[in-house]
Amino acid sequence: MRIAILSRSPRCYSTRRLREACVAAGYEVKVLDTLRFGIEVQEGEPKLSFRGKRLRDYDAVIPRIGASMTFFGTAVVRQFEQMGVYCVNPSHAISVSRDKLRSIQVLSRHRIGFPTTVFAKDKQAVMAALTRVGTPAIIKLLEGTQGIGVILADNRKMAEAVMEALQEGAKQNVLVQSFVAESRGRDIRALVVGDRVIAAMRRSAVGDEFRSNVHRGGTVENIEIDEEYQRCAVHAAQIMGLRFAGVDMLEGPDGPLVLEVNSSPGLEGIERATGVDVAQAVVQLIAEEVLLPEIDIRQRLSLRNGYGVTEFPILPNSELAGKTIQQTGLRDRDVIVLSITRDSVTIPNPRSDRELYAGDSLLCYGKLITLRGLVPPPKPRKTKKVKTRIKPERAIDSETPGD
Ligand SMILES: Nc1ncnc2c1ncn2[C@@H]1O[C@H](COP(=O)(O)OP(=O)(O)O)[C@@H](O)[C@H]1O
Ligand SMILES: [Mg+2]
C-alpha cells in the first residue's frame, strides 16, 4: 500500500511519527508538501500533479492541513476523493471543523452539549447576545487556534468594547459564548481514531490564565475518561465526519461540553502524556478502511429520478409508531430504513422485525413521493395578535394556526 501524508512540515513531531508508523507497518509512504500540488479538473478524469509532474497512484492519504491553508488544502484532499483515494479525514469535514460556529451549528442538531453560543453582527443583536450569555463572557474569533483569539471579558462594558474593536474595528467574525466557570481553566482533549477514544489528556491552564492550550503554557496529564465523555467525543467526531479527530471538551456542571473538534490533532502532547501510540492506531485504521473511500451518499442515492434520502422524527400520532418495520409496509412502498436513531444511539440497518417508537428518528431511502407523506408537516405557527379596526366580532382569531 502507498500512503501520502499531506504536510507542510515533514520534520514536525506529528508528521514524523505518522511516517514512522507507516514504515513500521510495511507500507510505502511519502510526505508531500500540500502547497506543491496542482489540481487538474477535467471531465471524467480528475488528476493531480505534484511539483509540476503527474502524481503517482496512492491508496490512502493522511491530510495534515494547517489552519492557514484550509482552502487550498481541502481542495487537494477533495481532488484525491474525486480520484477514489481513501482520505482519513474527508475534505468537507475538515472545512466544517475549521470554523467554530459552523461546527457548533452542525453539532447542535444532535444531543451534544456545548456552551451557549451566539453569533451576531448587528449591534442590537450583539447586545442581546451579551445579555443572553451573561458575564463573564467568552469572545472568540471564528477561525482562531492555539488559544489565540479567545478572550474572557469580565464584565459587560469590557465585552462590549472587545466586540466593537473586533467586529467594527478589525472586521473579524466573532462569537459570544457563555463562560464555563466549572471547568476552572481545564479541558479534556480526547483523541478519536475510527469509532473510539484511544487516548485522553487533561490540559490545565497555569496561573490566572483560563485557556488550557499547550501553546498558552497549559500542562497535560494522562486521564481515563468515563463513558459519557467517551461517547460524547466519538459522537461529535462522527457527526462531523472525521475518522481521526481531537475533541476538546469542558467539564460542565451536567457533563461534557464540546468546544471544538480538530481535524489535524497534534500527536506530540497526547503521545507524551499518555504513552499511547496514536500514529500506529491511525495507520491501522487506514488498513481497515482503505477499501471504503468517502462518497457523498445523498448525491449518489439521488441520482435516480424520483428517489432520495431523508431523515424525519416519528411523532406520537404517526402511522409508523408502535409497528415493526415490516408491519409499516414501507418496503412495499419502495422505502428502505437505513438507520434508526433512538435516545442518541443509532441502530444501523435495522431488521424488519424491529419495532418503531414515537421519538425515533428514521433515516430512509426511497421513493420521494412516499417519503413526502411520511415527513411530519411543520409545526403550526401561532399568528400574532393583529391590530385591526375591524369590529370585534369579526376580529381574526389569534390562535389560528398557519400564516
Ligand atoms: N466557553 C468557555 N468557557 C471556559 N473556558 C473556555 C471556553 N471556551 C474556551 N475556553 C478555554 O480556552 C481554550 C481555547 O478555546 P478553544 O475554543 O478551544 O480555541 P482554540 O481553537 O484557540 O484552541 C480552551 O481550551 C479552554 O481552556
Ligand atoms: Mg482548542
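Parameters at a glance
Residues numbered from 1 in each chain as written. Chains lettered and ligands numbered in written order. Predicted model: local features only at pLDDT ≥ 70, side-chain atom pairs only at ≥ 80, totals over all residues. Heavy atoms only, no water. Donors = N, O, S within 2.8 Å, 3.2 Å for Na, K, Ca; no water. Helix = DSSP H or I, 4+ residues; strand = E, 2+ residues; numbered from the N terminus. Buried < 20%, exposed > 50% of the residue type's maximum accessible area, 1.4 Å probe, protein only. Core = buried A, V, L, I, M, F, W, Y, C linked by side-chain atoms within 4.5 Å. Domains from an automatic or database assignment. Contact = heavy atoms within 4.5 Å. Polar contact = N/O pair within 3.5 Å; in protein donor to acceptor, adjacent residues only side chain to side chain. Near = heavy atom within 4 Å. 1 Å grid on protein atoms, 1.4 Å probe; cavity = no way out; pocket = protein on both sides within 12 Å on 5 of 7 lines; lining within 4 Å. Sits in = over half its atoms within 2 Å of the grid points. Points joined across faces, edges and corners; volume = space filled by probe spheres on them. Phe/Tyr/Trp six-rings, centres within 6.5 Å; stacked < 30°, edge-to-face > 60°. Pairing = 2+ DSSP bridges. Axes fitted to C-alpha atoms, helices over the stretch in contact; angles between N-to-C directions. Salt bridge = Lys/Arg side-chain N within 4 Å of Asp/Glu carboxyl O.

Before going further, it helps to examine the coordination of the magnesium ion (ligand 2). Octahedral six-donor coordination of a metal ideally yields angles of 90 or 180 degrees, compared with 109.5 degrees for tetrahedral four-donor coordination. Here the magnesium ion (ligand 2) is held by the protein donor atoms Asp248 (OD) and Glu260 (OE), which lie 2.0 to 2.8 Å from it. Highlighted residues: aspartate 248 in strand E15 (residues 244-252) and glutamate 260 in strand E16 (residues 255-262), separated in sequence by twelve residues. Look at aspartate 248 and you get buried, because its relative accessible area is 3%. Accessibility expressed as a relative area gives 19% for glutamate 260, which makes it buried.

Moving on to the nonpolar core. Ranked by internal contacts, the top residues of the largest apolar core, which has 28 residues, are Ile62, Val193, Phe244, Val278, Val282 and Ile286. Taken together, the elements giving at least two residues each to this core come down to strand E1 (2-6), helix H1 (13-24), strand E6 (60-63), strand E12 (186-193), strand E13 (196-204), helix H8 (268-274) and helix H9 (278-289). Here this core takes seven residues from H9, the largest share from any one element. Residue contributions to this core reach at least three from each of two domains, namely domain 1 (2-97) and domain 3 (182-289). Setting aside its immediate chain neighbours within four residues, valine 193 contacts Ile198, Arg243, Phe244, Ala281, Val282 and Leu285. Within the second largest apolar cluster, 25 residues are counted, among which are Leu107, Ile188, Ala200 and Met240.

The next subject is the side chain of lysine 100. With respect to the helices and strands, the residue lysine 100 is situated in helix H4 (residues 100-107). For lysine 100, a relative accessible area of 9% puts it in the buried group. Polar contacts involving the side chain of lysine 100 include one to the main-chain carbonyl oxygen of glycine 144, which spans 3.2 Å. Among the polar contacts made by the side chain of lysine 100, one reaches the side chain of glutamate 260 at a distance of 3.1 Å. Apart from the residues within four sequence positions on either side, lysine 100 is in contact with Lys140, Leu141, Leu142, Gly144, Leu175 and Glu260.

As a structural note, the neighbourhood of ligand 1 is formed by 23 residues, with Lys100, Lys140, Gly147, Asp187 and Asn213 the closest of them. At a separation of 3.1 Å, a nitrogen atom of ligand 1 approaches a polar side-chain atom of glutamine 177. One of the side-chain nitrogen or oxygen atoms of aspartate 187 is found 2.6 Å away from an oxygen atom of ligand 1. More than half of the atoms of ligand 1 fall within 2 Å of the grid points belonging to the largest cavity. Only strand E9 (137-141), strand E11 (174-178) and E16 provide two or more residues apiece to the shell around ligand 1.

Let's shift gears to the domain arrangement of the chain. Accessible area lost upon the coming together of the parts serves often as the stated size of an interface. Per the domain assignment, the segments making up the chain are domain 1 (2-97), domain 2 (116-179), domain 3 (182-289) and domain 4 (297-374). On a C-alpha basis, the centroid separation for the pair domain 1 and domain 2 is 35 Å.

This brings us to empty space enclosed by the protein. Enumeration according to the criterion identifies one cavity of 30 Å³ or more in this entry. Reported here for the largest cavity is a volume of approximately 350 Å³. Every residue lining the largest cavity is counted, 27 residues in all, and those nearest its centre are Lys140, Val150, Phe210, Leu250 and Leu259. Looking at the lining of the largest cavity, you find at least three residues from each of domain 2 (116-179) and domain 3 (182-289).

Take the packing of aromatic side chains next. Applying the stated criterion across every chain, the model contains four aromatic pairs. Residues phenylalanine 179 and phenylalanine 210 carry aromatic rings whose centres are separated by 6.4 Å and whose planes lie at 85 degrees to one another, so their mutual orientation is edge-to-face. Within this pair, whereas phenylalanine 179 is found in the loop between E11 and E12, its partner phenylalanine 210 is found in the loop between E13 and strand E14 (219-222), the two being separated by 31 residues in sequence. Given a relative accessible area of 29%, phenylalanine 179 falls into the partly exposed group.

Our next topic: the sheet that holds strand E17 (residues 307-313). Across a sheet, strands are paired by hydrogen bonds formed along the backbone, either parallel or antiparallel in direction. If you trace the four strands from one edge of the open sheet to the other, you get E17-E20-E18-E19, paired in antiparallel fashion. If you trace the sheet from one side to the other, it starts and ends with E17 and strand E19 (345-348), each paired once. Looking at each pair of strands side by side, their axes are set apart by 20 degrees on average, direction ignored. Both E17 and strand E20 (residues 361-367) contribute to a ladder of seven bridges, which runs antiparallel. By the bridge assignment for E20, tyrosine 307 is matched with lysine 367.

Another aspect to go through is the pattern of salt bridges. The final tally for this structure, using the stated rule, is 21 salt bridges. With a closest N to O distance of 2.7 Å, glutamate 271 and arginine 17 form a salt bridge. Here glutamate 271 is found in helix H8, whereas its partner arginine 17 is found in helix H1, with 254 residues between them in sequence. The burial state of glutamate 271 is the same as that of arginine 17; both residues are buried.

To continue, consider unusual backbone geometry. In this chain, threonine 135 is followed by proline 136 through a cis amide linkage whose omega measures -5 degrees. For proline 136, the position within the fold is in the loop between helix H5 (123-133) and E9. The phi dihedral of aspartate 334 falls on the positive side, at around 70 degrees, and the residue is not glycine. Structurally, the position occupied by aspartate 334 is in the loop between helix H11 (325-328) and strand E18 (335-342).

Sheet architecture is open: four strands sit in the order E8-E11-E9-E10, paired in antiparallel fashion. Both edges of this open sheet fall to strand E8 (117-119) and strand E10 (150-153), since each of them pairs with a single strand only. If you compare each strand with its neighbour and ignore which way they point, the axes differ by 25 degrees on average. Note that E8 and E11 share three bridges and pair antiparallel. Among the inter-strand pairings, valine 118 is bridged to a residue of E11, identified as valine 176. Packed onto the sheet, H5 meets E8, E9 and E11 and runs at close to 25 degrees relative to E11.

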